[in-house]
Amino acid sequence: MNKLYWQTIGEGNTHLVLLHGWGLNAEVWQSLIPRLNSHFTLHLVDLPGYGRSQGYPVLTLKEMADIVFAKAPEHAIWLGWSLGGLVASRVALDNPNNVQALITVASSPCFGAHDDWPGIKPEVLKGFEQQLNEHFHRTVERFLALQTLGTQSAREDMKALKSVVLEQPLPSVEVLNGGLEILRTEDLREALKDLQHPFIRFYGYLDGLVPRKVAGLLDDIYPHSPSVIFRNAAHAPFISHPDEFAQALINACNMTS
């Protein structure tokens, strides 16, 4: 039976939906809850097929976005990290009258590298798909390590991400491969040019999965979308720098009200 895991915490007037990245689940936001729950009503979601949201088949990006949006409060701010940024972006594009703002974290409208676009080489993502079938746990751990590489707290951050994965049900190989396929093929660059909501982008300067060059390119493509770069963070700034991240998020959300 398909059932979406959804937890609501906090007492703020503003609803904030938090969407995690590939391979993980909503527990990744635990360090932010005490820093945000007096400012927002937080909605913590395990994406379909991930964590406690078991029983879903492999989904397209739009199917995933539709499932999550169906349970969401009206006029929420949507924040998506990495793969979750694509899901949140798809929600905002498809529901222009029912989303207050879009915030993406260490995400890109096009994760795959092209001749004129920095990103993850398609053969790297294809390689992860093959490795998942052969060495499931080792491949997930390798991907998590890439997310913290370069920060002073990389080892501790890696442990935090790994504990999040292991404490909840693991996604199936098929679901993980489906997520990698979304990262490899989706391209929302043109579609997001027409976004009417406030759109704010957070990046880690040391991020090896979403190169910081992406921030500058998108600053030009989306002149009304401000970007914030955490100088000492990699792909998970909310884990390595929770206080700095929480304050930046509060400030960003105040801009959208």
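In short, a report on the structure.

Parameters at a glance
- Residues numbered from 1 in each chain as written.
- Predicted model: local features only at pLDDT ≥ 70, side-chain atom pairs only at ≥ 80, totals over all residues.
- Heavy atoms only, no water.
- Helix = DSSP H or I, 4+ residues; strand = E, 2+ residues; numbered from the N terminus.
- Expected span 1.5 Å × (residues − 1).
- Buried < 20%, exposed > 50% of the residue type's maximum accessible area, 1.4 Å probe, protein only.
- Pairing = 2+ DSSP bridges.
- Right-handed = clockwise from strand over helix to strand, strands pointing away.
- Salt bridge = Lys/Arg side-chain N within 4 Å of Asp/Glu carboxyl O.

Brief notes about helix H10 (residues 242–256)
Each α-helix winds once per 3.6 residues, and so residues spaced three or four apart point in a common direction. Over its 15 residues, H10 extends 21 Å from the first C-alpha to the last, a length consistent with the 21 Å expected when each residue adds 1.5 Å. Considered for burial, the residues of H10 that qualify are Pro242, Phe245, Ala246, Ala248, Leu249, Ile250, Ala252, Cys253 and Thr256.

Observations concerning the pairing of strand S7 (residues 227–230)
Alignment of strand S6 (residues 199–204) against S7, held across 4 bridges, turns out to be parallel. Each bridged residue has a counterpart across the sheet, and for Tyr203 the counterpart in S7 is Ile229. A crossover links S6 with its parallel partner S7, the connecting element being helix H8 (residues 213–221), and its sense is right-handed.

Section: the pattern of salt bridges
As enumerated under the stated definition, the model contains 12 salt bridges in all. Glu129 serves as the salt-bridge partner of Lys126, at 3.8 Å between the closest nitrogen and oxygen. Of the two residues, Lys126 and Glu129 both sit in helix H4 (residues 122–134), 3 residues apart, roughly one turn of that helix. A salt bridge links Glu181 to Arg184; its shortest N-O distance comes to 2.8 Å. With a gap of 3 residues between them, Glu181 and Arg184 both fall in helix H7 (residues 173–185), about one helical turn apart.

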